[in-house]
Amino acid sequence: MGILIARMTAVLLLLTLYPQLEKRVALILQVLAYCNASPKDYKCIFTSGATAALKLVGETFPWSSSSNYMYTMENHNSVLGIREYALNQGATAIAVDIEDMNWDSINQESEFGCNRLPNFKFHSQQRRSKQQSQNEMLNKDVYHLFAFPLECNFSGARFNLNLVKTIQEGRHVEGMESAAICRGRYMVLLDAAKGCGTQPPDLSKFPADFVALSFYKIFGYPTGLGALIVRIDSAQKLQKSYFGGGTVAASIADIDFVRKRERLEEWLEDGTSSFLSIAALQHGFNIINQLGISEIARHTGSLTAYTSSMLEALRHSNGAPVCVLYGKHSFKGYQGLSCAQGPVVTFNMKRLDSSWVGYREVEKLASIRGIQLRTGCFCNPGACSKYLELTNIDMQSNFESGHVCWDDNDIICGRPTGAVRVSFGYMSTFEEVQAFISFIDEFFVSKTSSFEIGQMSKGSIVPTLAKGSSRTIATEEKIYLDSIIVYPIKSCAGFNVEAWPLSETGLLYDREWLVKSVFGEVLTQKKVPSMCLIKTFIDRAKGKLFVSSPNCEERLQILLEEDTYCSYKEDLRLCGYRSQGKGYGAEVNEWFSKALGCPCNLIRRESNGLSGCVEARYGSKMRSRDMLPNGNVGKELSFVNDGQLLLVSNSSVRDLNNILQSRKKIEGVTENKVALTRIEVDTMRFRPNLVISGAKPYAEDEWQAVTIGKEYFAVLGGCNRCRMINFDPETGISSKNEPLATLASYRRMKGKILFGILLMHEKQTSARNAILGDSVDDTENYEDKMLLKVGDLVISA
């Protein structure tokens, strides 16, 4: 590290003494010095990022049908993507597992002791074209590429850089029977995007042929700028076809004439470089020089060691470990820090019953606490399958089940599909680590085997009250319907009615419309909070929907009769399912664009269209599926997220407010001056269709079915809550964490924060008749009688 600092300091001194020196050249020297690479041996090519640097190697490498592209299983997708270039040129691709990395010492300068090599486990060969001919096999000008990361971006496990010379010397394929694998020159591609911020490679000792860098992963800024550090002798083998921008000395348009520039970095960089971002690098290097790269490594290593040890020590009340860590945290070196582990802690968690906690649940709760995490597979499928013990069949099955990158399918068949990752940099603090450990302890560690507040009883979504919980809400003898609210436009304000008819999708006209951006995205209050300021009202006698906004002088009137104004059909994606609707003309769309301050369109649900159904949304997970009459599991849904109707109890809301008052403190007040603030949420915060009174708090959680008046509803389960309930429905202003944070502390079950229940209307069933003690004639006029009224008696089953 001393040589590295000396070289970087010399470059800064050069800039001071010779200000006329081109800054770009000076910064290139600084980048090379950062990796202790001599300008005599290496060149630096600026790219749009680490991915672009890796792509540049893949598309210019001298592939042949005799070439081999080997890569470690623990590699980013950007490295795996090079495989496409290799296979398309007839080369062979082979994934490799490297075991026994010989991490006995943090001193990487020593060779693998006593000629003892790590164990290379080669996976099956991948080819897309015929086998190479005998002449190609005997060709001496064969080049192979071996790619591995400086640090695994999934687990943080670091690779021993002695691999560089081992591979370049071909020792990793010694003893293999295939002549095609052994013959030719092996070049090494080092993906240093992850790990270069704390322990950059020393290229004077480990002379990799190609090294990919990402500057925002070193400094945190600028994004969209990376570099490829390439050995000059290796670069001479690259075969670049495309030319553009200033990469040529001369070209003629109407004949085949082009001459490349002589300087390597000039003919490899296409187009205009991001010169403003390149200029900003000097400030990043100034910070690194002031702090010292060795100090940064010790600082981040200490935070990593502390975090991993604290997570490993967490235990449930039954003694079972909470966390399962991935990586090489057990390898200890100088001052007890791991020599084989980067500043990353990747893990999953298990509940008291040994079931896995989904990473989306962790991410959702962490965002409530203001903690930024990365979750999923981190674009590293090889490491993901290795640490999660997923076979190729498992991963293909997960994909066929609908799981794709970045979706919410974090648990499939009881097993995690990804993990949670915490990363540290020079700006990370010990206080942040303590806050993170406290967060894990609060939400995911079971303190007692009995079910207290913060846990929900098995087989139900009803929380058992903790000792001393002051829930003394009076309970009336009868439960009745207190309010009916209709929301014609998804995420816009609704209106109260005394009575309202039911339709095949729930309340008539409820979520019949939605607003879509011109880019095809469905707009909601989570993305556009001001949508709550758009007021709606339906006058059935006039056959009109009235819409008003503080940003529009005139109130918009839309006829309820179908096909009025509708001019075209739209395909939509809503909650992961395909929907279909009809669009409106310019007048309506311009009104909504003005109301929301962004270009958008109003869409109406297509009758009998693909607007979703209960079967598609729930499938086998439907709680009351067995209670549904045959032929009705395919009932249509409007533009709702889940069930046809949402029911909320006034008693449950009052209980939530009691808990909010008892536990919420003003943020930012010192411990010596603690003050309480009154926080109270209205029932409308939860956007219910039906509000009931007279029930005990959370009694609705145990209901399997319910009748309201003479209408029967099957209960589909609890409503999973998101941060949308943190927005004040009157102003659209978010209260940051509440009430979602409080609900998460005692209304969480299997990754969901539940409040209220989802209903599906049924016309006539044996269960309904049993509850009501009568029967209803199934006549053509029955639909005319489907009506809910405020004051209707509510009977649960």
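Residues numbered from 1 in each chain as written. Predicted model: local features only at pLDDT ≥ 70, side-chain atom pairs only at ≥ 80, totals over all residues. Heavy atoms only, no water.

What about the state of the cysteines?
Cysteine pairs can be linked by a disulfide, which is a covalent bond between their two sulfur atoms. Per the counting criterion, the structure on display carries one disulfide. Across a sulfur-sulfur distance of 2.1 Å, Cys377 and Cys384 are joined as a disulfide pair. Assessed through its relative accessible area of 21%, Cys377 is described here as partly exposed. Cys384 sits in the buried class, given a relative accessible area of 1%. (Disulfide = S-S within 2.5 Å. Buried < 20%, exposed > 50% of the residue type's maximum accessible area, 1.4 Å probe, protein only.)

Section: the pattern of salt bridges
With the rule as written, the count across this model stands at 24 salt bridges. Linking Asp202 and Lys205 is a salt bridge whose minimum nitrogen-to-oxygen distance equals 3.7 Å. Accessibility expressed as a relative area gives 17% for Asp202, which makes it buried. For Lys205, a relative accessible area of 30% puts it in the partly exposed group. When salt bridges that share partners are traced, they join Arg185, Asp209, Arg231 and Asp233 into one network. (Salt bridge = Lys/Arg side-chain N within 4 Å of Asp/Glu carboxyl O.)

Quick notes on the pairing of strand S23 (residues 535-539)
In this structure, S23 lies alongside strand S24 (residues 544-548), joined through five bridges in antiparallel fashion. Paired with Thr536 across the two strands is Val547, which belongs to S24. Hairpin connection from S23 to S24: four residues lie between these consecutive antiparallel strands, with Gly543 at a positive phi of about 70 degrees. (Pairing = 2+ DSSP bridges. Helix = DSSP H or I, 4+ residues; strand = E, 2+ residues; numbered from the N terminus.)

Structural notes on the nonpolar core
Counting 50 residues, the largest nonpolar core has Leu311, Phe347, Phe436 and Phe439 as the members making the most contacts within it. Of all the elements, helix H17 (residues 430-444) adds the most residues to this core, at seven residues. Among all residues touching Phe436, those that are not within four sequence positions of it are Thr307, Leu311, Phe347, Ile371, Leu373 and Val422. The next biggest cluster of nonpolar side chains, apart from the first, holds 48 residues, and it includes Ile489, Cys552, Ala695 and Val794. (Core = buried A, V, L, I, M, F, W, Y, C linked by side-chain atoms within 4.5 Å. Contact = heavy atoms within 4.5 Å.)

Considerations on the pairing of strand S29 (residues 645-649)
Counting buried residues in S29 gives five out of five residues, a clear majority hidden from the surface. Residues Leu645, Leu647 and Ser649 line one face of S29 and the alternating positions Leu646 and Val648 line the opposite face, and both faces are buried. Here S29 pairs with strand S30 (residues 690-693) via three bridges, running parallel. Looking at S30, one finds that Ser649 is bridged to Ile692.

Observations regarding the side chain of Asn75
Relative to the helices and strands, Asn75 resides in the loop between strand S2 (68-72) and helix H4 (77-80). Apart from residues lying up to four places away in sequence, Asn75 is in contact with Leu80, Ala147, Phe148, Pro149, Cys379, Asn380 and Pro381.

Structural notes on the sheet that holds strand S20 (residues 499-503)
Spatially, three strands are ordered S21-S20-S35 in an open sheet, and the strand pairing comes out antiparallel. Edge strands, defined here as strands with exactly one partner in the open sheet, are strand S21 (506-507) and strand S35 (787-789). Here S20 pairs with S35 via three bridges, running antiparallel. Bridge pairing in S35 places Trp500 opposite Leu788.

Topic: the sheet that holds S23
Read from one edge of the open sheet, three strands run S23-S24-S25, paired in antiparallel fashion. Every interior strand has two partners, whereas the edge strands, S23 and strand S25 (556-559), have only one. Strand-to-strand twist across the sheet, computed as the mean angle between neighbouring axes with direction ignored, equals 20 degrees. Along the sheet, helix H18 (residues 586-596) makes contact with S24 and S25, crossing S25 at roughly 140 degrees. (Axes fitted to C-alpha atoms, helices over the stretch in contact; angles between N-to-C directions.)

Side note on the environment of Gly170
Tracing the backbone shows Gly170 in the loop between helix H7 (163-168) and helix H8 (179-182). Looking at Gly170, the relative accessible area reads 16%, which means it is buried.

Some remarks on the packing of aromatic side chains
Tallied over the entire structure, the rule returns 27 aromatic pairs. The interplanar angle of 55 degrees and the centroid separation of 5.4 Å between the aromatic rings of Phe439 and Phe443 together place this pair among those described as tilted. Note that Phe439 and Phe443 are positioned in helix H17 at a spacing of four residues, about one turn of the helix. On the basis of relative accessibility, which here comes to 2%, the residue Phe439 falls in the buried class. Taking 6.4 Å as the distance between ring centres and 80 degrees as the angle between the ring planes, the aromatic pair formed by Tyr698 and Phe755 counts as edge-to-face. (Phe/Tyr/Trp six-rings, centres within 6.5 Å; stacked < 30°, edge-to-face > 60°.)

Some remarks on helix H2 (residues 23-34)
Across its 12 residues, H2 extends 16 Å between first and last C-alpha, which sits within 8% of the 16 Å expected from 1.5 Å per residue. Count one or two residues on from H2 and you reach Asn36, which has phi positive near 50 degrees. (Expected span 1.5 Å × (residues − 1).)

What about a negative patch on the surface?
Residues Glu553, Glu554, Glu587 and Glu590 make up a contiguous surface patch of negative charge. Residue class for Glu554 comes out exposed when judged on its relative accessible area of 65%. (Patch = residues over 30% accessible without salt bridge, like charges linked within 9 Å, V, L, I, M, F, W, Y side chains within 5 Å. Areas by Shrake-Rupley, 256 points an atom, 1.4 Å probe, with all protein chains shown as cover. Lys, Arg positive; Asp, Glu negative; His and termini not counted. Charge placed at Lys NZ, Arg CZ, Asp CG, Glu CD.)

Re the layout of surface pockets
Rolled over the atoms, a probe with the dimensions of a water molecule shows which regions are left empty. When its volume is computed, the second largest pocket comes out at roughly 1400 Å³. The wall of the second largest pocket is formed by 50 residues, among which Lys194, Arg374, Arg421, Ser423 and Phe424 lie closest to the centre. Within the residue set of the lining of the second largest pocket, elements represented by two or more residues are helix H3 (50-60), helix H9 (216-219), strand S17 (419-423) and H17. No other element matches the five residues that H17 contributes to the lining of the second largest pocket. Among the residues forming the lining of the second largest pocket, the class breakdown is 22 nonpolar, 19 polar and nine charged. (1 Å grid on protein atoms, 1.4 Å probe; cavity = no way out; pocket = protein on both sides within 12 Å on 5 of 7 lines; lining within 4 Å. Points joined across faces, edges and corners; volume = space filled by probe spheres on them. Nonpolar A, V, L, I, M, F, W, Y, C, P; charged D, E, K, R; others polar.)

Section: unusual backbone geometry
Cis geometry is adopted by the peptide bond preceding Pro222, which originates at Tyr221 and carries an omega value of -5 degrees. Tracing the backbone shows Pro222 in the loop between H9 and strand S8 (226-231). Phi at Glu389 is positive, roughly 55 degrees, even though this residue is not glycine. Among the secondary structure elements, Glu389 is positioned in the loop between helix H15 (381-388) and helix H16 (392-400). Unusually for a residue other than glycine, Tyr698 sits at a positive phi of about 65 degrees. Relative to the helices and strands, Tyr698 resides in the loop between S30 and strand S31 (705-708).

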